[in-house]
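Remarks on the overall topology
The chain contents come next:
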Amino acid sequence: MTAAQEAILEQIIEAFQNGKRLSDLPDVSGTNPFNLICEVLEDGESKKAALATLLPYMEEECSYGIEFDTAVSSPACTRIGNLSLHKSLPIHNRMKGCLLNDDGEVVEYLNPANWTGQTRDGSRGQVMVELPMHYRKFETDGTKRRVRISEYPLPGYRLVPGNRYVSAYQATIQRSTTTLCSVVNMDADYRGGNNNTAYDGTYRTFLGRPATGISRTNFRNYARKRKSGSTEWNCMTYDIQKELYWLFAIEYATLNSQAAFNAEKDSNGYAQGGLGAGVTNMSDWSGFNGYYPFVPCGHTDELGNGTGEVAYPVINEDGSTRCTVMVPRYRGVENPFGHVWQWTDGINIRISPTEENGGDGLSKVFVCTDPAKFSDSGYDGYAHVGNEARAEGYVKEVIFGEGGEIMPSVVGGGSSTYFCDYHYTNIPTAEALRGVLFGGAAHSGAYAGFASAASSSAPSTTRAAVGSRLCFIPA
């Protein structure tokens, strides 16, 4: 070797010996991606690239979602992001049915094709649907709204935690212990409705049906009996209601959850339609059983982890068919709307009177994701995320914001326009704390749906047509 070559070799050896592992390098001093440069390979050749130029490409490749325009009345949304992910639905496909013990541990995953061959009576655990961990971003751009989800922690995306579970069914009560349950069980100890024993063995039995006529306060208390001293078990929460709604909207690219169900994919391989009308066309419900639930839990379990609807004939005392309702299922979650209203926790509305009555004329929405801070009497630990519409009517806009809030902020839509669901409220003469019901009931018709909301009731209110679900949220 020449002297010049030896000198170069010595420099190479010195550089190697002084080199650092990636983990030994200092952190960057700033977070502005426009100031960062990284090495990339293009056609086998090393080149430099500004990190910021790669981020939009990463988002388009690694996320999928929807865009809609608040100035456009159609509920149809535009699919955005990586269109192949709209076909494979990697986040959605991680929703799966399971049996969950009282410590929040999965005892068994249910047959994804059909749950009916497995134990669902509560003896081996509660029948729940596991919700997938993912990352999510909500964007507002003028009148346009965008919802994107990803399996990766992209810049600007917030974590949607995993290891959370929602009951497959509208919940019932184990009467001997007043514990909230998600089971398929016809035993008298799990009698639904208002626990009326006189209906046992009749055409309007409450056996195997969801429990109603219970306040939000007691739904919360009964859920927490599953694990003493813990706040991990809860009744239905607003946060999980919101998660299910946006997963549905992204999958079907529509805000209209009651659009006709279509089991076939469209020509592009995307889901089309909606979840159908749901259990919302019950005739003379009051005359049948006084507005109490009548569809047995687990009626759609033949669909497994899937989505669809199953007919349920409502039978009169003389054996004739009163009407036939279609029971919907969304990825293992039976009756996500309709049948009975659902109390939700973690959301309180501060409804102030009009200025003429000494109020500020606002209905302020406060939300909380920490079950330990759930309250029926105040707003400590809650965040103000926007203001609810002060009038009843079909939902035209929701609060949305950075958290994708689904509480109605503007009414004036219709049964086939904008969000296609109805909003109920009323304005008191003195300031009131109200809870929120979601979904509508068996006589709601087109008023029902995933985004149908009612803020007319205090958390202490009990009604025959109001139930809830069971949730597990790890501490």
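This text gives an overview of the structure that appears in the document. (Residues numbered from 1 in each chain as written. Predicted model: local features only at pLDDT ≥ 70, side-chain atom pairs only at ≥ 80, totals over all residues. Heavy atoms only, no water.)

Structural notes on the overall build of the protein
Cut-off, in case you're wondering: Note on conventions: DSSP H or I runs of at least 4 residues are helices, E runs of at least 2 residues are strands, and numbering of each starts at the N terminus. Exposure classes here rest on a 1.4 Å probe applied to the protein chains alone. A residue is buried below 20% of its type maximum, exposed above 50%, and partly exposed in between. For this analysis, residues touch if any pair of their heavy atoms sits within 4.5 Å. Areas reported as accessible are Shrake-Rupley estimates using a 1.4 Å probe. Residue values count occlusion only from the protein chains shown. For the purpose of counting charges, residues Lys and Arg are taken to be positive, whereas Asp and Glu are taken to be negative. His and the chain ends are not included. Charge positions are represented by NZ for Lys, CZ for Arg, CG for Asp and CD for Glu.
Each helix and strand in the protein was counted, giving six helices and 27 strands. By principal-axis analysis of the C-alpha atoms, the protein measures approximately 105 × 60 × 50 Å. For the protein, the proportion of its 475 residues judged to be buried stands at 53%. Restricting to contacts in the protein with at least 6 residues of sequence separation, those with at least 24 account for 65%. Carbon and sulfur atoms make up 49% of the accessible area of the protein, which totals about 20200 Å². Charge centroids of the protein, computed over 41 positive and 53 negative side chains, lie 4 Å from each other.

Let's talk about the sheet that holds strand β15 (residues 308-315)
How we decide: Note on pairing: DSSP must find at least two bridges between two strands before they are called paired.
Sheet architecture is open: three strands sit in the order β15-β16-β17, paired in antiparallel fashion. Every interior strand has two partners, whereas the edge strands, β15 and β17 (333-334), have only one. Bridging between strand β16 (residues 321-330) and β17 involves two bridges; their strand directions are antiparallel. Bridge pairing links R329 to E334 in β17.

Quick word on the pattern of salt bridges
Between side chains of opposite charge, a pair can form as their charged atoms come close. The condition is simple: Salt bridges are identified by distance alone: a Lys or Arg side-chain nitrogen within 4 Å of an Asp or Glu carboxyl oxygen.
By the definition in use, this model includes 29 salt bridges. A salt bridge links D301 to R120; the shortest N-O distance between them is 2.7 Å. Within this pair, whereas D301 is found in the loop between α6 (285-289) and β15, its partner R120 is found in the loop between β6 (106-109) and β7 (126-131), the two being separated by 181 residues in sequence. According to the relative accessible area criterion, D301 is buried, its value standing at 0%. Its relative accessible area of 14% is what places R120 among the buried residues. Measuring nitrogen to oxygen at the nearest pair gives 3.4 Å for the salt bridge that ties E405 to K242. Taken as a pair, E405 in strand β22 (residues 405-411) and K242 in helix α5 (residues 238-252) lie far apart in primary sequence, 163 residues in all. With respect to burial, E405 and K242 carry one shared label: buried.

A short note on the nonpolar core
Which entries qualify depends on this criterion: Throughout, nonpolar core names a set of buried Ala, Val, Leu, Ile, Met, Phe, Trp, Tyr and Cys residues whose side chains join them through atoms within 4.5 Å.
Among the nonpolar cores identified, the biggest contains 58 residues, and Y245, W246 and M407 are the most heavily contacted of them. For this core, the element with the highest residue contribution is α5, accounting for 10 residues. Sequence-distant contacts of Y245, defined by excluding residues within four places in its chain, comprise L255, I406, F419, F450 and A451.

Things to note about the environment of E105
With respect to the helices and strands, the residue E105 is situated in the loop between β5 (96-100) and β6. Judged by relative accessible area, which is 46%, E105 ranks as partly exposed. If we skip the residues at most four places from it in the chain, E105 touches L99 and L100.

Here we look at the sheet that holds strand β14 (residues 233-235)
Put simply, the rule reads: Axis angles are defined between N-to-C directions and span 0 to 180 degrees, where every axis is a line fitted to C-alpha atoms and, for a helix, only to the segment in contact.
Overall, antiparallel pairing links the six strands, which are arranged β6-β5-β7-β11-β27-β14 in an open sheet. Here the strands that pair on one side only, and so sit at the sheet edges, are β6 and β14. Between one strand axis and the next, the sheet turns through 35° on average, direction left out of account. Pairing of β7 with strand β11 (residues 164-167) involves four bridges; the strand directions are antiparallel.

As for the side chain of E130
Convention followed: N or O atoms closer than or at 3.5 Å make up a polar contact, with two conditions inside protein: a donor-capable atom paired with an acceptor-capable one, and, for residues adjacent in sequence, both atoms drawn from side chains.
With respect to the helices and strands, the residue E130 is situated in strand β7. In this structure E130 is buried but unpaired, with K96 as the nearest side chain of opposite charge at 4.2 Å. A polar side-chain atom of E130 sits 2.8 Å from a polar atom in the side chain of Y165. Beyond its immediate stretch of four places on either side in the chain, E130 contacts R94, M95, K96, V106, Y109, R164 and Y165.

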